[in-house]
Amino acid sequence: MSEVALKLDGLTVEFPTKRGPIKVVNQVNLNLRTGERLGLVGESGSGKSMTLLTTLRLTPHPGRITQGKVLYQGQDLSSLDTRSMRSLRGKDLAMIFQDPMTTLNPVYTVGEQIREALKVHNIYGGKSLPWRRQARRQAEIGRVVKLMDEVGIPSPEERYENYPHEFSGGMQQRAVIAVALSCNPKVLLADEPTTSLDVTVQAQIMALLERISLERHTSIILVTHDLSLAAEFCDLIAVMYAGSIVERGRVDQVIDQPAHPYTRGLLNALPRLDGNRESLQPIPGEIDLAELPEGCAFAPRCSCAREKCFRVQPKLASIGNAHWVSCHLQGGES
Ligand code: SF4
């Protein structure tokens, strides 16, 4: 079995509010092995993106880690100083953000923005002597052109000089992926990388990410609200609700034998090509982190809820073969 590249160990992130601290990420445990692809799924506000940002120590102010840790290749990232963390970010752990238009800087060419990561991490060395600087520049540009080609940007030498607004949405997303891949990261955190794209471009981008993961053994966490996308792309799925993982397992376990009512709700809300609109069953209500019950966070929206659910928090427990669920209906607790 391959080694664990990234481990989230009881990770908890809190934000102070007028009504007291709110846990936006709550006791999250995840293991990601080399080359594995994990889908982190759930509705907006379930804590998926915050989990990724916190993994890179980019938790927005005033949020902070109050419990747990992030381990990269066994090293606790909270023990690193700012400089060491900055050198790890982009080089070992890289992130693809949701919206390429806000990720790319409109006043720099796309090629220069991809090259920036190589410069920051001094991938080709040679800062001192002028001839070395020139050689380094040539090496960096060569690498950027190769990367642009690799991610499917046509005529990369010419497109190097283009500005982001001269790229289509799909091409911008490819450029963002090229930035993330520039230093050959071991772990890629992809936050809804295809949300703003049409379905054919989405398929191309996902095929590209799959190829990268297979060829480079890159571990990927894909954050998405689209369970069908995660099912197609990932080996493992973790379902998040109100900051907590409520179900975790292999794709076939979670999709074919969903054990948590919330996972079943997400699956029932998926549009199907062979079905009619009436067959869609949305989950009633929405996540309100400020108004969670004492017991199961999903209880106010759960059609299976019983009295105990509102009082006692279910624990994430194994139901066999590394399939984990937090629900009183599982494991004979109710
Ligand atoms: Fe529903 Fe109760 Fe299970 Fe929570 S513990 S998901 S409320 S049945």
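The structure displayed is predicted, hence computed values, not measured ones.

Definitions and limits used
- Residues numbered from 1 in each chain as written.
- Predicted model: local features only at pLDDT ≥ 70, side-chain atom pairs only at ≥ 80, totals over all residues.
- Heavy atoms only, no water.
- Helix = DSSP H or I, 4+ residues; strand = E, 2+ residues; numbered from the N terminus.
- Rg over C-alpha atoms; globule rule 2.2 N^0.38 Å.
- Buried < 20%, exposed > 50% of the residue type's maximum accessible area, 1.4 Å probe, protein only.
- Contact = heavy atoms within 4.5 Å.
- Lys, Arg positive; Asp, Glu negative; His and termini not counted.
- Charge placed at Lys NZ, Arg CZ, Asp CG, Glu CD.
- Phe/Tyr/Trp six-rings, centres within 6.5 Å; stacked < 30°, edge-to-face > 60°.
- Near = heavy atom within 4 Å.
- 1 Å grid on protein atoms, 1.4 Å probe; cavity = no way out; pocket = protein on both sides within 12 Å on 5 of 7 lines; lining within 4 Å.
- Sits in = over half its atoms within 2 Å of the grid points.
- Nonpolar A, V, L, I, M, F, W, Y, C, P; charged D, E, K, R; others polar.
- Core = buried A, V, L, I, M, F, W, Y, C linked by side-chain atoms within 4.5 Å.
- Axes fitted to C-alpha atoms, helices over the stretch in contact; angles between N-to-C directions.
- Parallel < 35°, antiparallel > 145°, perpendicular 65-115°, else oblique.
- Left-handed = near helix turned anticlockwise from the far one by under 90°.

Student: Describe the overall build of the protein chain, listing the residues and the values that go with them.
Tutor: The number of helices and strands found in the protein chain is 12 helices and 12 strands. For 334 residues, the compact-globule estimate of 2.2 N^0.38 gives 20 Å, and the C-alpha radius of gyration of the protein chain, at 21 Å, lies within 12% of that figure. In terms of principal-axis extent, the alpha carbons of the protein chain reach across some 75 × 50 × 45 Å. Relative to its full complement of 334 residues, the protein chain shows a buried share of 47%. A separation threshold of at least 6 residues defines the contact pool for the protein chain, and within that pool the share at least 24 residues apart is 64%. Of the side chains in the protein chain, 38 bear a positive and 37 a negative charge, and the two mean positions are spaced by 7 Å.

Student: Can you tell me about the environment of Val-187, naming the residues and giving the values?
Tutor: As for its position among the elements, Val-187 is in strand β7 (residues 187–191). Residue class for Val-187 comes out buried when judged on its relative accessible area of 0%. Expressed as a C-alpha distance, the spacing of Val-187 and Thr-51, which sit 136 residues apart in the sequence, is 14 Å. If we skip the residues at most four places from it in the chain, Val-187 touches Ala-5, Leu-6, Leu-32, Tyr-72, Asp-92, Leu-93, Ala-94, Thr-218 and Ser-219.

Student: Please set out the packing of aromatic side chains residue by residue, giving values where relevant.
Tutor: Under the definition given, this model contains three aromatic pairs. Seen from their ring centres, Tyr-241 and Phe-298 are 5.1 Å apart, and the 75 degrees between their planes marks the pair as edge-to-face. Of this pair, Tyr-241 sits in strand β9 (residues 236–241) while Phe-298 sits in the loop between α11 (261–268) and α12 (307–311), and the two are 57 residues apart along the sequence. The pair Tyr-241 / Phe-298 is uniform in exposure class, with both members buried. Ring centres of Tyr-262 and Phe-298 lie 5.2 Å apart, and the angle between their planes is 65 degrees; this geometry places the pair in the edge-to-face category. With Tyr-262 in helix α11 and Phe-298 in the loop between α11 and α12, this pair connects stretches of sequence that are 36 residues apart. Given a relative accessible area of 0%, Tyr-262 falls into the buried group.

Student: Tell me about the site of the ligand, and name the residues and values.
Tutor: Every one of the 13 residues lining the ligand counts as a neighbour, but Cys-296, Cys-302, Cys-309, Cys-327 and His-328 are closest to it. More than half of the atoms of the ligand fall within 2 Å of the grid points belonging to the largest cavity. Classifying every residue of the shell around the ligand gives 11 nonpolar, two polar and no charged.

Student: An account of the side chain of Ser-326 is needed here, citing residue identities and associated values.
Tutor: Along the polypeptide, Ser-326 turns up in the segment after β12 (324–325). The exposure class assigned to Ser-326 is buried, which follows from its relative accessible area of 8%. Leaving out residues up to four positions away in the same chain, Ser-326 has contacts with Ile-245, Val-246, His-260, Pro-314, Lys-315 and Leu-316.

Student: Now, about the nonpolar core: what can you tell me, with residues and values included?
Tutor: Counting 59 residues, the largest nonpolar core has Ile-177 and Leu-209 as its most contacted members. In terms of residue count, helix α7 (residues 169–181) provides more of this core than any other element does, seven residues in total. When neighbours within four sequence positions are excluded, Leu-209 is seen to be in contact with Ile-96, Ile-177, Leu-188, Pro-193, Ile-220 and Phe-233. Residues Ile-22, Leu-30, Leu-40 and Ile-221 belong to the second largest nonpolar core, which totals 33 residues.

Student: Before we move on, can you summarise the packing of α7 against helix α8 (residues 199–216) with the specific residues and values?
Tutor: As a packed pair, α7 and α8 sit with axes 10 Å apart at the nearest point and diverge in direction by 15 degrees. Looking at the two axes, α7 sits roughly parallel to α8. Of the two possible hands of crossing, α7 and α8 adopt the one that is right-handed. Mapping the contact onto sequence places Gly-170, Gln-173, Arg-174, Ile-177 and Leu-181 in α7 and Val-201, Gln-204, Ile-205, Leu-208, Leu-209, Ile-212 and Arg-216 in α8. Counted by class, the contact of α7 with α8 contains seven nonpolar, three polar and two charged residues.

Student: I'd like a description of the environment of Val-41, backed by residues and values.
Tutor: Secondary-structure assignment places Val-41 in strand β3 (residues 37–41). When the C-alpha positions of Val-41 and Arg-86 are compared, they lie 28 Å apart, and in sequence the two are 45 residues distant. When near neighbours in sequence (up to four residues on either side) are disregarded, Val-41 contacts Lys-48, Thr-224, Leu-227, Ala-230, Ile-237, Ala-238, Val-239 and Met-240.

Student: Tell me about helix α4 (residues 110–120), and please be specific about residues and values.
Tutor: Burial in α4 covers these residues: Val-110, Gly-111, Gln-113, Ile-114, Arg-115, Ala-117 and Leu-118. Note on α4: the residue one or two positions beyond its end, Asn-122, has a positive phi of about 50 degrees.

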